[in-house]
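Residue-level structural notes
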Amino acid sequence: MAANQDHAKTSFPVNDLERQVIRPRSEEKGELDYSQRAQWLRAAVLGANDGLVSTASLMMGVGAVKQDIKAMILTGFAGLVAGACSMAIGEFVSVYSQLDIELAQMKRDKREIDEGEKESLPNPVQAAAASALAFSVGAMVPLLAASFIKEYKVRLGVVIAAVTVALVVFGWLGATLGKAPPVRSSVRVLVGGWLAMAITFGLTKLIGSSGL
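Residues numbered from 1 in each chain as written. Predicted model: local features only at pLDDT ≥ 70, side-chain atom pairs only at ≥ 80, totals over all residues. Heavy atoms only, no water.

This part takes up the overall build of the protein. Scanning the protein from terminus to terminus reveals 6 helices and 0 strands. For the protein, buried positions account for 30% of its 212 residues. The contacts of the protein with a sequence gap of at least 6 include a subset with a gap of at least 24, amounting to 75%. Of the roughly 13,800 Å² of accessible surface on the protein, a fraction of 65% belongs to carbon and sulfur atoms. (Helix = DSSP H or I, 4+ residues; strand = E, 2+ residues; numbered from the N terminus. Buried < 20%, exposed > 50% of the residue type's maximum accessible area, 1.4 Å probe, protein only. Contact = heavy atoms within 4.5 Å. Areas by Shrake-Rupley, 256 points an atom, 1.4 Å probe, with all protein chains shown as cover.)

Structure representation (structure tokens):
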């Protein structure tokens, strides 16, 4: 009888210990989910930055040789559609390959997929839609900035100003989500965007003036 009582007394701490072990695992899972969300947000910011820089550079390049607002807007819109489609297709193919690899590994491990694992698997359609949307959001900045300004020089100045503000914001967001120094990151993104627009403008102006 005493032995049974002793056994009962010693069994409770073991159960408590098991509960203590399980709890940190759930917390670790929560941290992992938060980390994954941060990575998605950072990828969205980078996608928007790509849309911003590439579309603005295309518009500045056309603006170097054509002062017509229609040509500039059509170029920006074409860049938005082409870039969003390219991002979506590339992301879909990449994430689908990752999904195939993970499923193949689960089959090799002879492991059944439960409901929680299904939710954690990469989703190609979701990734493609997110990439296309992020690119489109960034590309809309120079398009909207140039849409209602007919004066050529004022239009170029407004596009540069709008893109500059957006570059600083995207650089700061990307640095914050990636836990990097925000000022240094914003400056890098800003200088990179300026260089892309300046090089595109300069080379297109050079080729256009040479009559090619």
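Of note, Asn49 is situated in helix H1 (residues 2–65). Non-local contacts of Asn49, meaning those with residues more than four positions away in its chain, are made with Leu167, Phe170 and Val189.

The next thing to look at is the packing of aromatic side chains. By convention here, two paired aromatic rings are described through the distance between centres and the angle between planes. Scanning the entire structure with this criterion turns up 1 aromatic pair. When the ring of Phe92 is compared with that of Tyr96, the centres are 5.3 Å apart and the planes differ by 55°; the resulting orientation is tilted. Here the residue Phe92 and the residue Tyr96 both occupy positions in helix H2 (residues 69–108), the gap between them amounting to 4 residues, near one helical turn. (Phe/Tyr/Trp six-rings, centres within 6.5 Å; stacked < 30°, edge-to-face > 60°.)

Bringing the nonpolar core into the picture now. A general trend in soluble globular proteins is that nonpolar side chains are found buried together. Counting residues in each nonpolar core, the largest one holds 27 residues, and the members touching the most others are Leu52, Val159, Val163, Leu167 and Phe170. Of all the secondary structure elements, the ones that give two or more residues to this core are H1, H2, helix H4 (124–146), helix H5 (152–177) and helix H6 (182–209). Sequence-distant contacts of Phe170, that is, excluding residues within four places in its chain, are made with Val45, Ala48, Asn49, Leu52 and Gly138. (Core = buried A, V, L, I, M, F, W, Y, C linked by side-chain atoms within 4.5 Å.)

Our next topic: H2. Under the 1.5 Å per step criterion, the end-to-end length of H2 is 58 Å for 40 residues, consistent within 8% with the ideal 58 Å. Residue Asp68 occupies the N-cap position of H2, its side-chain oxygen lying 3.2 Å from the main-chain nitrogen of Lys70. (Expected span 1.5 Å × (residues − 1). Polar contact = N/O pair within 3.5 Å; in protein donor to acceptor, adjacent residues only side chain to side chain.)

Quick look at the environment of Arg184 now. On the secondary structure map, Arg184 appears in helix H6. Taking the C-alpha atoms as reference, Arg184 lies 8.8 Å from Gly171; in sequence the two are 13 residues apart.

Keep in mind these numbers describe shape, not what the thing actually does.
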